[in-house]
Amino acid sequence: MAIYNLGSINADFFYHVPHLPGPGETLAATKLTRGLGGKGANMSVAAARAGAHTVHVGAVGHDGHWAADRMMEFGVDTRHISKLPDTPNGQAHIYVDAGGENSIVLFQGANHQIPAETISAALSEASTGDTLLMQNETKDQPEAAKIARELGLYVAYAAAPFEAEAVEAVLPHLDFLILNEVEAEQLEEATGKSPDVLGVTDVIITLGAKGARWLHEGQSRDFPAMPVTPVDTTGAGDTFTGYVLAARDRGLPMEQAIALAMRAGALMVTRQGTADVIPDLKEVDEARF
Ligand code: RIB
């Protein structure tokens, strides 16, 4: 089985700041680093590191070839990443404060220029039972979700960055939805339906330091978070999602997939950076909390 991930690829610029800047404030960063990121790339790297055959479907700009190369080094199948010569790469400018909290400004770049043929070529290789994963940092999500559903894929959506309209556009095609507590409330306001009656087989609501909740066939089950001191929370949610779907794709029951992903996400918040520092299965297994 395989995971096809229609997702963003960003250059992440991390600015370490004493506190997150307020309106009109000019602030000196104590450190600046650049790495591989984007919610899509992070989830692809996490899924690959968690042992799933992961095919990334996306695009890099003329200044982003290094990003596709790095994804390949992490074990991601990069054949369906288009290289766009006339478009700049996606970027994220991330402020991280002393407590590990962040603010992010995105530049979409190539992520919103992914050719429709790139998506259709990738999905034409997929087989029934494979997974299509998406987030809200690319275009053409509803079209991809519809095709994938028709092909018998398990269609998964991480509703981030959250926009209720974007979720509603893919909702009829979804088997899996992951979002946080506030977003779940916002989606309920928009749809008039609570998350357990959306018609989505598996819904995961992340609860921050309280863990995560899985809604499935009228049942609700809570999973506690590991006690950790956060250094940088950026990419932890992406790591969790990639791990859950990879473990499911490898045949683990959802309870075990979520428990494994809780450990991976917890380990990730103790690290500085995004895709470059996502732990592999051995590190997750050996971590002591
Ligand atoms: O979720 C973290 C990610 O959000 C970063 O890697 C950044 O690129 C933004 O897309």
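Our subject in this report is the structure included herewith.

A short note on the overall build of the protein
Thinking step 1. Looking only at helices and strands, the protein features nine helices and 13 strands.
Thinking step 2. Here the C-alpha radius of gyration of the protein, 18 Å, is about what a compact globule of 289 residues would show, namely 19 Å.
Thinking step 3. With respect to the principal axes defined by its C-alpha atoms, the protein has extents near 50 × 45 × 40 Å.
Thinking step 4. When the accessible surface of the protein is split by element, carbon and sulfur atoms take 52% of a total near 12,100 Å².

Some words on the nonpolar core
Soluble globular proteins tend to pack their nonpolar side chains together in the buried interior.
Thinking step 1. Core analysis: the largest hydrophobic core is formed by 52 residues, its most contacted members being Leu36, Phe176, Ile204, Phe240, Val244 and Ile258.
Thinking step 2. Those elements that place two or more of their residues in this core are strand S2 (10-16), helix H1 (39-49), helix H2 (65-73), strand S9 (154-158), strand S10 (176-180), strand S12 (212-216), helix H7 (236-249) and helix H8 (254-268).
Thinking step 3. Broken down by element, this core gets its largest block of residues, nine residues, from H8.
Thinking step 4. Apart from the residues lying within four places of it in its own chain, the contact partners of Phe240 are Ile178, Ile204, Thr206, Ala212, Ile258, Ala261 and Met262.

Examining the site of the ligand
Thinking step 1. Near the ligand you find 14 residues, and of these Asp12, Gly38, Lys39, Glu137 and Asp238 are the closest.
Thinking step 2. Contact distances for the ligand include 3.0 Å between an oxygen atom and a side-chain N or O atom of Asn42.
Thinking step 3. Taking 280 Å² as the accessible area of the ligand by itself, protein coverage stands at 96%.
Thinking step 4. Listed by contribution, the elements that provide at least two residues to the shell around the ligand are S2, H1 and strand S7 (102-107).
Thinking step 5. Considering only residue class, the shell around the ligand consists of three nonpolar, seven polar and four charged.

Notes on the packing of aromatic side chains
Thinking step 1. Going through the model one piece at a time under the given rule, you end up with two aromatic pairs.
Thinking step 2. Measuring from centroid to centroid gives 5.7 Å for Tyr15 and Tyr95, while their planes differ by 50°, and the two rings are tilted. Of the two residues, Tyr15 sits in strand S2 while Tyr95 sits in strand S6 (residues 90-96), which places them 80 residues apart along the sequence.
Thinking step 3. Residue class for Tyr95 comes out partly exposed when judged on its relative accessible area of 28%.
Thinking step 4. Lying over the aromatic face of Trp66, Arg34 brings its terminal NZ or CZ to 4.0 Å of the ring centre.
Thinking step 5. In this structure, Arg248 is placed above the aromatic ring of Tyr154, and the distance from its NZ or CZ to the ring centre is 3.4 Å.

Side note on unusual backbone geometry
Thinking step 1. In this structure, the amide linkage connecting Ala160 to the following residue, Pro161, adopts the cis form with an omega of -10°.
Thinking step 2. Its place among the elements puts Pro161 in the loop between S9 and helix H5 (164-170).
Thinking step 3. The backbone of Asp140 sits at a positive phi, close to 65°, despite the residue not being glycine.
Thinking step 4. Inspection of the secondary structure puts Asp140 in the loop between strand S8 (131-134) and helix H4 (141-150).
Thinking step 5. Judged by relative accessible area, Asp140 falls into the partly exposed class, the value being 22%.

Remarks on the pattern of salt bridges
Thinking step 1. Summed over the entire model, instances satisfying the criterion amount to eleven salt bridges.
Thinking step 2. Between Asp77 and Arg79 there is a salt bridge, with the nearest N and O atoms lying 3.0 Å from each other.
Thinking step 3. Each of Asp77, Arg79 and Glu125 takes part in a single network of salt bridges with overlapping partners.

With respect to the sheet that holds S8
Thinking step 1. In spatial order, the strands read S5-S4-S1-S8-S9-S10-S11-S12-S13; together these nine strands make up an open sheet with mixed pairing. Whereas interior strands pair on both sides, the edge strands pair on one side only; in this sheet they are strand S5 (77-83) and strand S13 (219-223). Neighbour-to-neighbour, the strand axes of this sheet turn through a mean angle of 15°, independent of strand direction.
Thinking step 2. Bridging between strand S4 (residues 53-60) and S5 involves five bridges; their strand directions are parallel. Residue Val60 lies in a different strand from S5, and its bridge partner there is Lys83.

Definitions and limits used
- Residues numbered from 1 in each chain as written.
- Predicted model: local features only at pLDDT ≥ 70, side-chain atom pairs only at ≥ 80, totals over all residues.
- Heavy atoms only, no water.
- Helix = DSSP H or I, 4+ residues; strand = E, 2+ residues; numbered from the N terminus.
- Rg over C-alpha atoms; globule rule 2.2 N^0.38 Å.
- Areas by Shrake-Rupley, 256 points an atom, 1.4 Å probe, with all protein chains shown as cover.
- Core = buried A, V, L, I, M, F, W, Y, C linked by side-chain atoms within 4.5 Å.
- Buried < 20%, exposed > 50% of the residue type's maximum accessible area, 1.4 Å probe, protein only.
- Contact = heavy atoms within 4.5 Å.
- Near = heavy atom within 4 Å.
- Polar contact = N/O pair within 3.5 Å; in protein donor to acceptor, adjacent residues only side chain to side chain.
- Nonpolar A, V, L, I, M, F, W, Y, C, P; charged D, E, K, R; others polar.
- Phe/Tyr/Trp six-rings, centres within 6.5 Å; stacked < 30°, edge-to-face > 60°.
- Lys NZ or Arg CZ within 6 Å of the ring centre and 35° of its normal.
- Salt bridge = Lys/Arg side-chain N within 4 Å of Asp/Glu carboxyl O.
- Pairing = 2+ DSSP bridges.
- Axes fitted to C-alpha atoms, helices over the stretch in contact; angles between N-to-C directions.

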